[in-house]
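Here's the letter readout for the chains.
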Amino acid sequence: MTRPRWVSRTVFLFAAIGSAVGLGNVWRFPYLAGKYGGGAFLVPYAIALAIIGFPLLMLELAIGQKMQQGVVGSFRKLHPQFGGLGIFTLMTTFIVVSYYAVVMGWSLLYFLGSFDVKWSGDAQGYFFDRVLQLSDGVNSLGGINWVVLASLIAIWLSIYFCIWQGIKSVEKVVLYTVPVPIILLAVLLLRAMTLPGFLQGWALYLTPVWASLLDPEVWTAACSQVLYTLSLSCGIMVAYASYRKTEEDIVRDSWITTLADSGICLFSGLVVFAVLGYMAGQTDTPLTELAASGPGLAFVVFPKALSLMPLPWLFGALFFLMLLSLGIDSAFSLVEAINVSILDEKEHWQVSRVALGVCFAAFIAGTIYTTRAGLYFLDIIDHFLTSYNLLLTGIFEAILAGWIYGAEKLRRYINAVSHRQIGKWWNVSLKFVVPIVLVALLATQLSTDLRTPYEGYPTWALGIGWAIAIIPLVVLILLVFRDRQFDRLEESEQN
Ligand code: TRP
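Rules behind the numbers
Sequence positions are assigned chain by chain, starting from 1 and proceeding in written order. Only residues with pLDDT of at least 70 get local features here, since the model is predicted, and only at 80 or more are side-chain atom pairs given and counted; chain-wide, interface and lining totals rely on the full set of residues. Note that water and hydrogens are dropped before the side-chain values are worked out from all heavy atoms of the structure. Numbering of helices and strands runs from the N terminus, with a helix taken as a DSSP run of H or I at least four residues long and a strand as a DSSP run of E at least two residues long. Working rule for helices: expected span equals 1.5 Å times residues minus one. What we call the bend at a residue is the angle made by axes fitted to the seven residues finishing there and the seven residues starting there. Note that a disulfide, as used here, is simply two cysteine sulfur atoms within 2.5 Å. Each residue is assigned to one of three classes by its accessible area relative to the maximum for its type, calculated with a 1.4 Å probe on protein chains only: buried under 20%, partly exposed between the two thresholds, exposed over 50%. Grid points spaced at 1 Å over the protein atoms alone were grouped into cavities, where a 1.4 Å probe fits but cannot get out, and pockets, open sets with protein on both sides within 12 Å along at least five of seven lines, with lining residues defined by an atom within 4 Å of a point. Grid points are joined across faces, edges and corners, and a volume is the space filled by probe spheres set on the points. For each residue, the test is whether any non-hydrogen atom lies within 4 Å of the molecule or strand; if one does, the residue is near. Polar contacts, as used here, are pairs of N or O atoms within 3.5 Å; protein pairs need one atom able to donate a hydrogen and one able to accept it. Residues neighboring in sequence count only if both atoms are side-chain atoms. Values of accessible area rely on a 1.4 Å probe in the Shrake-Rupley scheme; residue burial ignores everything except the protein chains shown. Amino acids outside the nonpolar list (Ala, Val, Leu, Ile, Met, Phe, Trp, Tyr, Cys, Pro) and the charged list (Asp, Glu, Lys, Arg) are all regarded as polar, and Gly is one of them. We count a salt bridge whenever a side-chain nitrogen from Lys or Arg sits within 4 Å of a carboxyl oxygen from Asp or Glu. Two distance rules govern patches: like charges are joined within 9 Å, and nonpolar side chains (Val, Leu, Ile, Met, Phe, Trp, Tyr) within 5 Å, applied only to residues with over 30% relative accessible area and no salt bridge. Remark: nonpolar core denotes a set of buried residues (Ala, Val, Leu, Ile, Met, Phe, Trp, Tyr, Cys) joined through side-chain atoms within 4.5 Å. Only heavy atoms matter for contacts: two residues are in contact if any of them lie within 4.5 Å across the pair. Axis lines are fitted through C-alpha atoms, for helices just across the contact stretch, and the angle between N-to-C directions can take any value from 0 to 180 degrees. To sort the angles, those under 35 degrees are grouped as roughly parallel, those over 145 as roughly antiparallel, those from 65 to 115 as roughly perpendicular, and the leftovers as oblique. The handedness criterion is simple: a crossing whose near helix is rotated anticlockwise from the far helix by less than a right angle is left-handed, and one whose near helix is rotated clockwise is right-handed.

Asks: Would you explain helix H18 (residues 374-417) in this entry?
Replies: Because an α-helix completes one turn every 3.6 residues, residues spaced three or four positions apart along the sequence face the same direction. Here H18 contains 44 residues, and its C-alpha end-to-end distance of 47 Å is more than 12% below the 64 Å for a straight helix at 1.5 Å per residue. Considering bend angle alone, the principal kink of H18 is centred on Gly406 and spans about 100 degrees.

Spelled out as structure tokens, the structure:
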């Protein structure tokens, strides 16, 4: 069977940028920036982007494009024993999308709630008590929250219809889902810039706090944010690149994707901080406190700020529509990464059936987050996945490509197809910088988590988090071992 192709390079770029630009840009990036001292976060972030993000993105595009397979097949082509690394990666991807869709489900509920500004007055109560109906602790599940479940179903139906024909439908969808949120962000920015106090917000966002550079935690956050935002370590970029012709320019398209994604990060930071600056003035709350509100930023602080403006329903609706349109292409790219690898193995299976099966399975896996303890589970699982699984994939991927397959071989391929050449620095980056930095981060994270239980959750709940990090690792080891036996068998048969 001939492999489907993107209709044009622009459409590929739309899909890659659409995947990269997601909730991570608008929700996670600004709250990290706020937490780690505003402008100070931008410096480690830019450095992490240059030494980890960009080289890894180039690697993932190169692997997919050269091997013409999803992540399982591509890793296997790098070395026959490492198909299991692809499975390891996709296990993470599956779990990520199962909760990513839930966060989108909350956004949908907020969007619907915007028209009568349901959160004005008590934004905190609205989020925790009305929308989530959060239980007292992870120990009490509290049963399913049917409203959240219903919105999760709606989100999954939308995801399914974006990918039901594989890249043939993705191609059509990204033409809307990429520009629309950018336009909405621009509208929100113009609005925010006419509010009193927006400059104070920007001052906090853009003034460097150099001292925070000495905090190792800032660096961990910057590096994992870079993996997260560029959609690395999830098999997405490999899968998308595998639908390109083998001779397309990798260096240029890696640049475009990185710059577009970071541009939108910065841009959404400007929107968020301008609005926070306004809110600080209106409510007499210190700006730093608002900025450091963590994951509640998009669902508590921001809605509250919007409700203080004239036409609160309109800007509320625009903001949540922006979140939804921003998140949808990231969500379906995660599913596509899985589908592509399944279809590589089972060529005669129908694309729409595979899509249906994966969407359904991920929906079922996500129902745990629709219980009244859902937020706790989401918090724990997100913590372990981003601290361990994503880093592990990055480390293994860099070692597999850099040491086992050979960085130089890949660099030659990249240079042969690209207009601009990349220097030997890339080999050094892949073989040394990426693995060493990521191992260091992993070790720091591990020692923190072993010393202090994350957020004080009970042991059984954290056990789920550890299991999510460890089980895929065990599977990986078993698969590598099994494929080694196969290899030996084949060799002895040939002799
Ligand atoms: N890049 C997207 C974002 O920033 C989605 C995404 C890709 C993602 N890989 C991820 C989110 C891993 C969480 C974890 O939102």
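Asks: Can you walk me through the state of the cysteines in this structure?
Replies: In a disulfide, the sulfur atoms of two cysteines are held together by a covalent bond. Considering all chains together, one arrives at 0 disulfides under this definition. You can see Cys162 has no disulfide; the closest cysteine sulfur is in Cys359, sitting 9.4 Å from it. What makes Cys162 buried here is its relative accessible area of 9%. Looking at the unpaired Cys234, the closest cysteine sulfur is the one in Cys265, lying at 16 Å.

Asks: Help me out: how do you make sense of unusual backbone geometry in this one?
Replies: You will see that Ser233, though not glycine, has its phi angle at about 65 degrees, which is positive. Topologically, Ser233 is positioned in the loop between helix H11 (216-229) and helix H12 (236-241). Judged by its relative accessible area of 0%, Ser233 is buried. A positive phi is found at Leu311, a non-glycine position, where the angle reads about 55 degrees. Inspection of the secondary structure assignment puts Leu311 in the loop between helix H15 (301-307) and helix H16 (312-345). In this structure Leu311 comes out as partly exposed when scored by relative accessible area, which is 45%.

Asks: Would you mind showing me how to read empty space enclosed by the protein here?
Replies: Empty pockets left among the atoms are what a rolling probe the size of a water molecule brings to light. Taken as a whole and assessed by the stated rule, the structure comprises 5 cavities of 30 Å³ or more. When its volume is computed, the largest cavity comes out at roughly 200 Å³. As for the largest cavity, its lining consists of 17 residues, and the residues nearest its centre are Val96, Tyr100, Tyr228, Ser231 and Leu334.

Asks: Please explain the site of the ligand as it appears in this structure.
Replies: What surrounds the ligand is a group of 14 residues, the closest being Ala20, Gly24, Tyr100, Tyr228 and Ser231. Ser19 places a main-chain nitrogen or oxygen 3.1 Å from a nitrogen atom of the ligand. Within the side chain of Ser231, an N or O atom sits 2.9 Å from a nitrogen atom of the ligand. Contact with the protein chains hides 100% of the accessible area of the ligand, taken as 360 Å² for the molecule alone. Those elements that place two or more of their residues in the shell around the ligand are helix H1 (9-20), helix H2 (23-35), helix H5 (83-114) and H11. Within the shell around the ligand, the residues separate by chemical class into 7 nonpolar, 7 polar and no charged.

Asks: Would you mind showing me how to read the pattern of salt bridges here?
Replies: Side chains that differ in charge, positive against negative, can pair when their charged atoms come close. As enumerated under the stated definition, the model contains 9 salt bridges in all. We note a salt bridge from Asp253 to Arg9, for which the minimum N-O separation is 3.0 Å. Placement of Asp253 in helix H13 (residues 250-283) and of Arg9 in helix H1 is noted, with a sequence separation of 244 residues between them. Take Arg9: its relative accessible area is 28%, and that puts it in the partly exposed class. For Asp253, a relative accessible area of 0% translates into the label buried. By sharing partners, the salt bridges in this structure join Arg9, Arg244, Arg252 and Asp253 into a single network.

Asks: Please clarify how the environment of Tyr110 should be interpreted in this entry.
Replies: For Tyr110, the position within the fold is in helix H5. We classify Tyr110 as buried; its relative accessible area is 0%. With 98 residues separating them in the primary sequence, Tyr110 and Pro208 have C-alpha atoms 33 Å apart.

Asks: Is there a simple way to explain a nonpolar patch on the surface in this structure?
Replies: Taken together, Ile399, Trp403, Ile404, Val428, Phe432 and Ile436 make up a surface patch of nonpolar side chains, about 550 Å² in accessible area. Within the residue set of the nonpolar patch, elements represented by two or more residues are H18 and helix H19 (425-451). When you line up the elements, Ile399 lands in helix H18. When its relative accessible area of 32% is taken as the criterion, Ile399 is described as partly exposed.

Asks: What should I look at first to understand the nonpolar core in this one?
Replies: Within soluble globular proteins, side chains that are nonpolar tend to cluster in buried spots. The biggest cluster of nonpolar side chains holds 188 residues, and the ones touching the most others in it are Phe41, Trp156, Ile159 and Phe332. At 21 residues, the largest contribution of residues to this core is made by H18. In contact with Phe332, other than residues within four places in its own chain, are Ile159, Cys162, Ile163, Val170, Val173, Val174 and Tyr240.

Asks: Explanation requested: the environment of Ala317 in the structure shown.
Replies: Structurally, Ala317 can be placed in helix H16. A residue is classified by how much of its surface remains accessible, and Ala317, at 8% relative accessible area, is buried. When the C-alpha atoms of Ala317 and Arg353 are compared, they prove to be 34 Å apart, with 36 residues separating the residues in sequence. Once residues within four sequence positions are removed from consideration, Ala317 is found in contact with Phe111, Ser114 and Phe115.

Asks: Explain the layout of surface pockets here, please?
Replies: Approximately 1,300 Å³ is the volume attributed to the largest pocket. Tyr31, Lys35, Asp379, Tyr454 and Glu455 are the residues nearest the centre of the largest pocket, which is lined by 43 residues in total. Among the secondary structure elements, those contributing two or more residues to the lining of the largest pocket are H2, helix H6 (123-131), H11, H15, H18 and H19. Split into classes, the residues belonging to the lining of the largest pocket amount to 22 nonpolar, 13 polar and 8 charged.

Asks: Got a minute to help me understand the packing of helix H10 (residues 198-206) against H13 in this structure?
Replies: For any two helices packed against each other, one specifies the inter-axial angle together with the distance between the axes. In contact at an axis separation of 6 Å, H10 and H13 are set at 130 degrees when each is read in the N-to-C sense. When the axis of H10 is compared with that of H13, the two are oblique. For the pair H10 and H13, the crossing hand works out as right-handed. In contact with Phe198, Gly201, Trp202, Leu204, Tyr205 and Leu206 of H10, H13 contributes Cys265, Leu266, Gly269, Leu270, Phe273, Ala274, Gly277 and Tyr278. Here the residues of the contact of H10 with H13 sort into 11 nonpolar, 3 polar and no charged.

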